[in-house]
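Below, each chain spelled out in residue letters.
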Amino acid sequence: MNEAADIDAATGADSSTVEPPPQQGEMPFAIVEGEPVTEMPRDLYIPPQALEVFLEAFEGPLDLLLYLIRRQNIDVLDIPIADITRQYMEYIQLMQELDLELAGEYLLMAAMLAEIKSRMLLPRSSDGSQEEEDPRAELVRRLQEYERYKQAAEDIDRLPRLERDVHQAAAELIHRQVLRLLPEVALQEMLVAFKEVVQRATMFASLHVRRETLSVRQRMSDVLAMLDGTGLVEFVRLFRPEEGRMGVTVTFAALLELLREQLVDIVQAEPYRPLHVRRAERDPNAAVLEDVEITTA
Amino acid sequence: MNNDQLKSTIEAALLAYGQPLNVEQLREMFDEFERPDAVDVRKTLAELARDCDGRPMELVEIASGWRLQVRSAYAARLSKLWQERPSRYSRALLETLALIAYRQPITRAEIEDVRGVTVNPNIVRTLTERGWIRVVGHREVPGHPELLGTTREFLDYFGLKSLDELPSLAALKDMDDVGIQLEFDGPATVQATAADLAAANDADAAN
Amino acid sequence: MNNDQLKSTIEAALLAYGQPLNVEQLREMFDEFERPDAVDVRKTLAELARDCDGRPMELVEIASGWRLQVRSAYAARLSKLWQERPSRYSRALLETLALIAYRQPITRAEIEDVRGVTVNPNIVRTLTERGWIRVVGHREVPGHPELLGTTREFLDYFGLKSLDELPSLAALKDMDDVGIQLEFDGPATVQATAADLAAANDADAAN
């Protein structure tokens, strides 16, 4: 209603004619030179910008309706529906003419008012015992409900608010120390950790496939060692079938490597006789052995 | 530690912390062997509040504890210290906030029902960013709409200890108290609410 | 505006601003017609500084102006207001600690063998700084690695009289996970541990 008073006060002095504004009565909406003005002059000129601000100030159809009702100082429970509907429609029309963004809710309310108005015109049931709903009941309920929260919003706005009305008092603390707290640990936490790490280790161990490394280099040493004692070894005796295919392969690779390094010689007395392996007549330290690993899974 | 020392320490703490402190936080400052009990801290806070009489600051209890604040009498002058004006909030925002505060938990649809207009998403965002409202759950209806409620920061900001301290809501009037007789000749009844009905029946009986 | 009003307003400003204010800033608060001159503001600031005698705050002049600050005598106690809740120890740290407790004396390499991952040096440092573990010797192998063991503080912290009170591995295995889980839901206490130990020992005996 403050908005209304502002507008009325701002426009009260002018006297050109435009759109006939809605006619109201009863409640003074402006005081001009000490005289309450209860009726807007019919030839009142409202600057379009002012009207626009005024119309935009409404928070919705309920807000506009409340304004219309309050302006006539009538109780929300006793809405002269025909009158209010006419006024409401006039405002809607104004908004449309001013090209204000008119929310659908305003038109919905217009429809509701029209419906109420038409129901009010219908004759009531003659049967007095039958309860009949006042067509305005729902509207009144909504208006009242809206008005309570409109009021509550104003009340909240009036509460002393931080930053606007009161300020947090603070003084600096110059020599602040930084304290670090240490985490707390319960014994159970540690016990569970231990249990889990042990379980994990066991699981790791049982699933772990131990890789038995058969080193070609190792086998090369083994072969050389065998040759050291006897000087000459039958080729087939270097192989141990119980080692499986991989073992045989490793021994064979070791032999090839030894041959390549010219550390051993393979000799045959005559064709179709058994092969023999013997140490080559060289300094074994001359060769740098590579660490070649073959692993068995 | 005597009473005066306790009082000075609490005042120092509230000033240094620059935010509200609750009784537990204040007690935590002290080592166990000298820690004052909660009753003593409260008593001392009350004393400190009295000591602030005549000083430019006051000690108030709010939702999250106790706050030393500069009295509102100085607000107009102090506002010149800051370049920015304190935010003014639109009626739409305040009405939305009021509905959330008084009717929480509440959905957007329910807010729209009362206000008669759709809720502007910016308003909900602003209120959330300010830390005044938050989603407190979802209503068990199709679409599971968010239920909004206010936060402790909201109470703190408006200097309230709890929601009970919000200004009381206006009462709803019964429709048949006034008016209806003016429109209708006979006694009219309304089915709006049970209370209305009961009141209407009483009125009927009286006639 | 009389002197007392000026003084209160300046105090209010310094409290509300929470940062140093200089004489010019203080003068700007007032409309021109009532603006105090710089000399008056200085005089009032000096007076306010004297008024702070016996209060937990003091008014000091620094390069950028005047600042209200809490006296340093309160610093130690007030620092506790900013204590942050510590984060929890990592699983890796607890496992390392547990292995040291149960398998001591133990080298890092041995811990790594069981855990399957390298021991983060930070963990050993944290545990050493906490006073829970220490180097108890060196293993007589190449590289002479450090042997780690737990300390008396470790026993004290966990409420153990001696290492014998740690449940045996067998007892630990018998503890069902559900029971342990329940313990962890609430704040676990050393007392609860003693009960657990007893239960664990019973389980041992039953086997």
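What you see is a predicted model, and the numbers here were worked out from it, not measured in a lab.

**Student:** Any chance you could explain the overall build of chain A here in plain terms?
**Tutor:** If you tally the helices and strands in chain A, you get 9 helices and 9 strands. Within chain A, buried positions represent 40% of all 297 residues. Accessible area for chain A stands at about 17000 Å²; split by element, carbon and sulfur atoms hold 51% of it.

**Student:** What am I meant to see in the pairing of strand 2 (residues 65–70) of chain C here?
**Tutor:** By the criterion of burial, strand 2 of chain C is predominantly enclosed, with 6 of the 6 residues buried. Of the pairings in the sheet, the one linking strand 4 (residues 172–173) of chain A to strand 2 of chain C comprises 2 bridges and is parallel in character. Looking at strand 2 of chain C, one finds that A:Leu173 is bridged to C:Val70. Two strands pair when backbone bridges link them, and strand 1 (residues 57–62) of chain C and strand 2 of chain C are joined in this way by 6 bridges, in the antiparallel orientation. Opposite C:Val60, over in strand 2 of chain C, you have C:Arg67 as the bridge partner.

**Student:** Sorry, what's going on with the pattern of salt bridges here?
**Tutor:** It is possible for side chains bearing opposite charge to pair when their charged atoms get close. Going through the model one piece at a time under the given rule, you end up with 43 salt bridges over all chains. We note a salt bridge from A:Arg148 to A:Glu145, for which the minimum N-O separation is 3.4 Å. Taken together, the residues A:Arg148 and A:Glu145, both in helix 6 (residues 137–158) and 3 residues apart, mark about one turn of the helix. The same class applies to A:Arg148 as to A:Glu145, namely buried. The closest approach of N and O atoms between A:Asp157 and A:Arg161, which form a salt bridge, is 2.5 Å. Under the relative-accessibility criterion, A:Asp157 is labelled partly exposed at 24%. Several salt bridges share partner residues, and in doing so they unite A:Glu59, A:Asp63, A:Lys150, B:Arg91, B:Glu95 and B:Arg115 into one network.

**Student:** What is the right way to look at the interface of chain A and chain C in this model?
**Tutor:** Accessible area lost upon the coming together of the parts serves often as the stated size of an interface. With 32 residues of chain A at the contact, the number on the chain C side is 56 residues. Between chain A and chain C lies a buried interface of about 4200 Å² when both sides are counted; carbon and sulfur atoms form 68% of it. Viewed at the interface, chain C and chain A are joined by 3 salt bridges. Between C:Arg67 and A:Glu172 there is a salt bridge, with the nearest N and O atoms lying 3.8 Å from each other. Those elements that provide at least two residues to the side of chain A that touches chain C are strand 3 (167–168), strand 4 and helix 7 (187–207) of chain A. Take the side of chain A that touches chain C: its biggest share by element is 14 residues, from helix 7 of chain A. Its residues assigned to classes, the side of chain A that touches chain C shows 20 nonpolar, 5 polar and 7 charged.

**Student:** Please clarify how the packing of aromatic side chains should be interpreted in this entry.
**Tutor:** Aromatic ring pairs: the centre-centre distance and the angle between the two ring planes describe each pair. The full count for this structure, using the stated rule, is 17 aromatic pairs over all chains. Every member of this aromatic cluster is reached through a ring pair, and the members are B:Tyr89, B:Trp132, B:Phe154, B:Tyr157 and B:Phe158.

**Student:** Would you take a moment to explain the confidence of the model for chain A for this structure?
**Tutor:** Detailed reading of the predicted coordinates is not advisable wherever pLDDT falls low. Overall, the prediction assigns chain A a mean pLDDT of 74, with 71% of residues at 70 or greater. Here residues 282–297 of chain A is modelled with pLDDT under 50, and outside its nearest four sequence neighbours on either side it reaches 30 contacts, counting other chains as well.

**Student:** Would you mind showing me how to read the interface of chain B and chain A here?
**Tutor:** Listed as interface residues are 66 residues of chain B and, on the opposing side, 49 residues of chain A. Overall, the association of chain B and chain A removes approximately 5100 Å² of surface from exposure, summing both partners, and the carbon and sulfur fraction of that is 60%. For the pair chain B and chain A, the number of links is 4 salt bridges. The salt bridge partner of B:Arg115 is A:Glu59, with a shortest N-O separation of 2.8 Å. Our count for the contact surface shared by chain B and chain A stands at 15 residue pairs in polar contact (both at pLDDT 80 or more). Of all the elements in the fold, those that place two or more residues in the side of chain B that touches chain A are helix 1 (3–17), strand 1 (57–62), strand 2 (65–70), helix 4 (75–78), helix 5 (91–103), helix 6 (108–115), helix 9 (180–183) and helix 10 (194–206) of chain B. The element contributing the most residues to the side of chain B that touches chain A is helix 5 of chain B, with 10 residues.

**Student:** Could you clarify how one ought to interpret the environment of A:Arg237 in this entry?
**Tutor:** Within the secondary structure, A:Arg237 sits in the loop between strand 6 (232–234) and helix 9 (244–260). Along the chain, A:Arg237 and A:Val277 lie 40 residues apart, while their C-alpha atoms are 9.8 Å from each other.

**Student:** What exactly am I supposed to notice about unusual backbone geometry here?
**Tutor:** Backbone geometry follows two general trends: most residues other than glycine have a negative phi, and most peptide bonds adopt the trans configuration. Residues and elements named next belong to chain B. Here the amide bond leading from Gln 104 into Pro 105 is cis, since omega sits at -5 degrees, within 30 degrees of zero. Even without glycine at this site, His 144 takes up a positive phi of about 40 degrees. A residue is classified by how much of its surface remains accessible, and His 144, at 43% relative accessible area, is partly exposed.

**Student:** I tried to follow the sheet that holds strand 7 (residues 264–268) of chain A on my own but got confused; where do I start?
**Tutor:** Strand pairing in a sheet takes place through backbone hydrogen bonds and is either antiparallel or parallel in direction. Residues and elements named next belong to chain A. Across the sheet, 3 strands lie side by side as 6-8-7; this open sheet has antiparallel pairing. A single partner strand is all that each edge strand has here, and the edge strands are strand 6 and strand 7. Neighbour-to-neighbour, the strand axes of this sheet turn through a mean angle of 30 degrees, independent of strand direction. Sheet topology places strand 7 next to strand 8 (residues 275–279); 5 bridges connect them, and they run antiparallel. Within the sheet, the bridge partner assigned to Ile 266 lies in strand 8 and is Val 277. Of the strands in this sheet, strand 7 and strand 8 touch helix 9, which is tilted by about 105 degrees from strand 7.

**Student:** Looking at this structure, how should I read a nonpolar patch on the surface?
**Tutor:** All names here are of chain A. Residues Phe 252, Leu 256, Leu 259, Ile 266 and Leu 275 make up a contiguous nonpolar surface patch of roughly 380 Å² in combined accessible area. At 3 residues, the largest contribution of residues to the nonpolar patch is made by helix 9. Mapped onto the secondary structure, Phe 252 falls in helix 9. Taking the relative accessible area as the measure of exposure, Phe 252 reaches 41% and is therefore partly exposed.

**Student:** I'm lost on helix 7 (residues 121–129) of chain C in this one. Help?
**Tutor:** Side chains that are three or four residues apart share a direction in an α-helix, a result of its 3.6 residues per turn. Residue and element names in this part refer to chain C. Among the residues making up helix 7, those that are buried are Ile 123, Val 124 and Leu 127. One face of helix 7 carries all of its buried residues, which in axial projection span an arc of 95 degrees. More than 90 degrees from the buried face of helix 7, the exposed residues found are Pro 121 and Glu 129. Where helix 7 is buried, its residues meet helix 5 (91–103), helix 6 (108–115) and strand 3 (133–138). You can read the cap of helix 7 off the contacts: a side-chain oxygen lies 2.8 Å from the backbone nitrogen of Asn 122, and it is on Asn 120.

What counts and what doesn't
- Residues numbered from 1 in each chain as written.
- Chains lettered and ligands numbered in written order.
- Predicted model: local features only at pLDDT ≥ 70, side-chain atom pairs only at ≥ 80, totals over all residues.
- Heavy atoms only, no water.
- Helix = DSSP H or I, 4+ residues; strand = E, 2+ residues; numbered from the N terminus.
- Buried < 20%, exposed > 50% of the residue type's maximum accessible area, 1.4 Å probe, protein only.
- Areas by Shrake-Rupley, 256 points an atom, 1.4 Å probe, with all protein chains shown as cover.
- Pairing = 2+ DSSP bridges.
- Salt bridge = Lys/Arg side-chain N within 4 Å of Asp/Glu carboxyl O.
- Contact = heavy atoms within 4.5 Å.
- Buried area = accessible area lost by both parts, 1.4 Å probe.
- Nonpolar A, V, L, I, M, F, W, Y, C, P; charged D, E, K, R; others polar.
- Phe/Tyr/Trp six-rings, centres within 6.5 Å; stacked < 30°, edge-to-face > 60°.
- pLDDT = per-residue confidence, 0-100.
- Polar contact = N/O pair within 3.5 Å; in protein donor to acceptor, adjacent residues only side chain to side chain.
- Axes fitted to C-alpha atoms, helices over the stretch in contact; angles between N-to-C directions.
- Patch = residues over 30% accessible without salt bridge, like charges linked within 9 Å, V, L, I, M, F, W, Y side chains within 5 Å.
- Arc of directions from axis to C-beta.

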